[in-house]
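The primary structure of each chain is shown beneath.
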Amino acid sequence: MSREKIIKQHYEPRILPGRPHFEILDWADAQSQRLRFEVLAANVGLAGKSLLDVGCGLGDLYGFLLERGLTVDYTGVDISEKMILHARQAHPGGHFLAADLFAKNPFGRKRFDVAFCSGTFNLNVGNNISFLPTALRQLFGLSRRALVFNLLHRRARRQHPHCVYYEPGEILKIVKRFRCKVEVIDDYLHNDFTVVCRPLASSRVSRAAKRKKT
Ligand SMILES: C[S@@+](CC[C@H](N)C(=O)[O-])C[C@H]1O[C@@H](n2cnc3c(N)ncnc32)[C@H](O)[C@@H]1O
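Here the structure is a predicted model, which means the values were calculated and not measured. (Residues numbered from 1 in each chain as written. Predicted model: local features only at pLDDT ≥ 70, side-chain atom pairs only at ≥ 80, totals over all residues.)

### What to know about the environment of Ile7
Line of reasoning, step 1. Positionally, Ile7 belongs in helix 1 (residues 3–11).
Line of reasoning, step 2. Linking Ile7 and Asn128, residues 121 residues apart in sequence, is a C-alpha distance of 12 Å.
Line of reasoning, step 3. Those residues in contact with Ile7 that lie beyond four places of it in its chain are Ile79, Ser80, Leu123 and Val125. (Helix = DSSP H or I, 4+ residues; strand = E, 2+ residues; numbered from the N terminus. Contact = placed C-beta atoms within 7 Å.)

### Here's the deal with the site of the ligand
Line of reasoning, step 1. For the ligand, the set of nearby residues contains 22 residues, the closest of which are Gly55, Gly57, Ile79, Ser118 and Gly119.
Line of reasoning, step 2. Those elements giving two or more residues to the shell around the ligand turn out to be helix 1 and strand 2 (73–78).
Line of reasoning, step 3. Here the shell around the ligand is composed, by residue class, of ten nonpolar, eight polar and four charged. (Near = placed C-beta within 6 Å. Nonpolar A, V, L, I, M, F, W, Y, C, P; charged D, E, K, R; others polar.)

### Describing the pairing of strand 4 (residues 112–118)
Line of reasoning, step 1. With respect to burial, strand 4 is a largely interior element, six of its seven residues being buried.
Line of reasoning, step 2. In the sheet, strand 1 (residues 50–54) pairs with strand 4 via three bridges, with the strands oriented parallel. The residue of strand 4 that forms the bridge with Leu52 is Ala115.
Line of reasoning, step 3. Pairing geometry for strand 4 and strand 5 (residues 143–152), over six bridges, is parallel. Of the residues in strand 5, the one forming a bridge with Ser118 is Asn150.
Line of reasoning, step 4. This β-α-β element, strand 4 to helix 6 (residues 128–142) to strand 5, shows right-handed connectivity. (Buried ≥ 20, exposed ≤ 12 C-beta atoms within 10 Å, placed from the backbone. Pairing = 2+ DSSP bridges. Right-handed = clockwise from strand over helix to strand, strands pointing away.)

Shown next, in the form of C-alpha cells:
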C-alpha cells in the first residue's frame, strides 16, 4: 500500500463529529499537542514571519498562533483532503492546502522563513527511517531561517506498534549533513523531542545564488 494510502486510512476514519482534535490526530491529550506548539513558539521568533506547517492536520497550530496574538503568514499543508476541509471549516481565515509535499512540491521556488512538522513522521508507513533524510532535506530547502520538527522518542515507555520512535543521535547524524546549526530539545515530554535546524548564513547565500543561476 502507498504511503499516502496508509496515512489516509489511519487518520481519516478518526475524523468524527464532536471528537476532540487531539484524538483525531492520535495525540495522547490536548496538552501534549499544545506543548509541541509551545516549543516551536519558544525557540523560534515567529512574529511577522512566513510559516509552513507540514502535516497541519486540523489547523490547530493556526488556532494556537491566533490565541497568542502572533501575526504570522501561515500556510498549512496536509496529505489528506479531508483534514484540510475540516481545517478550513475550523479556521476560515487560514491558508490550507491539500498536498503530499514530498511527492510533488506545490510551492515551486517559494520558500518560507520557518518550516514546521509536528507529528508528521509519527505513523509507521513502512520506510520511515530510510525516507526521513530525503524528506528533511526537502524541508530544509524550503526554510530560510529554521526547520523545526518533532519526533516520538525511542525512550518512550509506552510504544504503539503503528508508530515509529526515533533516536535523537540518529537524527542528528542526518541533519548534520545540512549546512545548519542544530539544536535538540528533549525536556518537555518524555516521549518526544524537537529538532531545530537553522541554516548557516553562508548556506543561505549559496542557496540563493544557486537559485539565481537556474
Ligand atoms: C499526528 S498528526 C499532527 C497534526 C498537526 N501537526 C498537529 O499537531 O495538530 C500528523 C498529520 O500529518 C499528516 N501527514 C503525514 N504525512 C504527510 C505528508 N507526507 N504530507 C502532508 N501531510 C502529512 C497526516 O495526514 C496528519 O494530519
